[in-house]
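Geometric and topological summary
Here are the chains, one letter per residue:
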Amino acid sequence: MSIRAEHLTHIYGQGTAFEQYALKDVNFEIPDGQFVGLIGHTGSGKSTLIQHLNGLLRASSGTIYYNGEDIYAQGYNMKQLRTKVGLVFQYPEHQLFEVDVFSDVCFGPKNMGLPKDEIAARAREALKLVGLKEKYYKQSPFELSGGQKRRVAIAGVLAMRPEVLILDEPTAGLDPRGRDEILDLVNSLQDNRGMTIILVSHSMEDVAKYADRLMVMSGGEKVFDDTPKNVFRHYKELEAIGLSAPQVTYIVQRLRENGVDISEDLTTVAEAKDAILKLLRDKGRLQAAGKPDPGAGGNAGASGNAGAGKSAGAGKNAGAGAKKASGRKGAR
Ligand SMILES: Nc1ncnc2c1ncn2[C@@H]1O[C@H](COP(=O)(O)OP(=O)(O)OP(=O)(O)O)[C@@H](O)[C@H]1O
Ligand SMILES: [Mg+2]
């Protein structure tokens, strides 16, 4: 089962003087359970794209297939699609509107026509999942902090028990701790519930850490679609479209330019830390071993060995330390 976009094109204000191509011939297929990062400069078409996936926007041309069915086919149940493909908006204020948090989260399941008990049970479950304390349930969602508002918005979507969760910049404006909490939550939904995740983000660090796959948009077109590591190899092209690779990529690059034998595939801070520590440890060990005879030859040999011995080991470490170690998908 999957979401497939075929030749997706969207033109805002078609036929008017304000006509604007927001998507141009975008194609992809996202299988179940994948964590996709969607990245691109402001105005590149990210929000427009994801709003097509649950039918909120209709393509000017092209088609979307959800689990093999054309969502534009006559009689297709668009209302049900919106419960299966849950979309958390870029601005939580656009999504929250009820008098209190609990009613807000009940809205989705209520709209699905579920029995009252089931609605309340789902709302409770979703609020627990996002870690919002009960004392907030009766508060107006507008009185909450930015991070809490986002939790409520996410809970509102989770209460429908969607198969796919799309989040449009869910960490914008949050402090690092709030950001990590939201992303860890999203990650656990993929790991523990097998949900498909599409995360729109400006942060290369976030997508490098969490996503299996990265789609990069520029000017309404999909310009890269690959694993984060493969995409970040094109950091020069990313810069040309107003993006950059994760900061740590640049550090690794500089180390390599200065003759340090370190893998260029390190894209998260954790991976780089492991590799650099291993380098230092190997070097220290070799130097320690060379201590009884600290002659010039011994030293030269030690540093040479440190370089040669490291690369394979560090690479391995990086792989194991990386979040997307292969067995992870077994959770499904
Ligand atoms: N309702 C609209 N009417 C007309 N043009 C629009 C509308 N919404 C978006 N656009 C235009 O379509 C293009 C894509 O916008 P979109 O909001 O999808 O980009 P984005 O990648 O989500 O940007 P951001 O990172 O700022 O959220 C932009 O040029 C934008 O100005
Ligand atoms: Mg947007």
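Model, not experiment: these values are computed from the prediction. (Residues numbered from 1 in each chain as written. Chains lettered and ligands numbered in written order. Predicted model: local features only at pLDDT ≥ 70, side-chain atom pairs only at ≥ 80, totals over all residues.)

**A short note on unusual backbone geometry**
The phi angle of most residues is negative, glycine excepted, and most peptide bonds adopt the trans form. Despite not being glycine, H7 shows a phi value in the positive range, around 50 degrees. Along the polypeptide, H7 turns up in strand 1 (residues 2-12). Located in the positive-phi region is R161, a residue other than glycine, with phi close to 50 degrees. Position of R161 relative to the elements: it lies in the loop between helix 5 (146-158) and strand 7 (164-168). (Helix = DSSP H or I, 4+ residues; strand = E, 2+ residues; numbered from the N terminus.)

**Section: the sheet that holds strand 8 (residues 196-201)**
Working definition: the strands of a sheet are paired by backbone hydrogen bonds and lie parallel or antiparallel to each other. Taken together, the six strands give an open sheet; going across it, the order is 6-7-8-3-9-10, and neighbouring strands pair in mixed fashion. Lying at the two open borders of the sheet, with one neighbouring strand each, are strand 6 (85-88) and strand 10 (221-226). Adjacent strand axes in the sheet meet at a mean angle of 15 degrees, parallel and antiparallel pairs treated alike. In this sheet, strand 7 lies alongside strand 6 in parallel orientation, the contact comprising four bridges. Considered in strand 7, the bridge of V85 is made with V164. Against the sheet, helix 6 (residues 176-193) contacts strand 3 (35-40), strand 7 and strand 8, and its axis sits at roughly 155 degrees relative to strand 8. (Pairing = 2+ DSSP bridges. Axes fitted to C-alpha atoms, helices over the stretch in contact; angles between N-to-C directions. Contact = placed C-beta atoms within 7 Å.)

**Points about the nonpolar core**
The biggest cluster of nonpolar side chains holds 70 residues, and the ones touching the most others in it are L38, V105, A155, I166, I197 and L199. Examining the composition of this core, we find that six residues originate from one element, helix 5, more than from any other. Apart from the residues lying within four places of it in its own chain, the contact partners of I166 are I50, L53, V85, G86, L87, V88 and I198. V252, I262, L266 and A272 belong to the second largest nonpolar core, which has seven residues in total. (Core = buried A, V, L, I, M, F, W, Y, C linked by C-beta atoms within 7 Å. Buried ≥ 20, exposed ≤ 12 C-beta atoms within 10 Å, placed from the backbone.)

These values are about where atoms sit, not about what they do.
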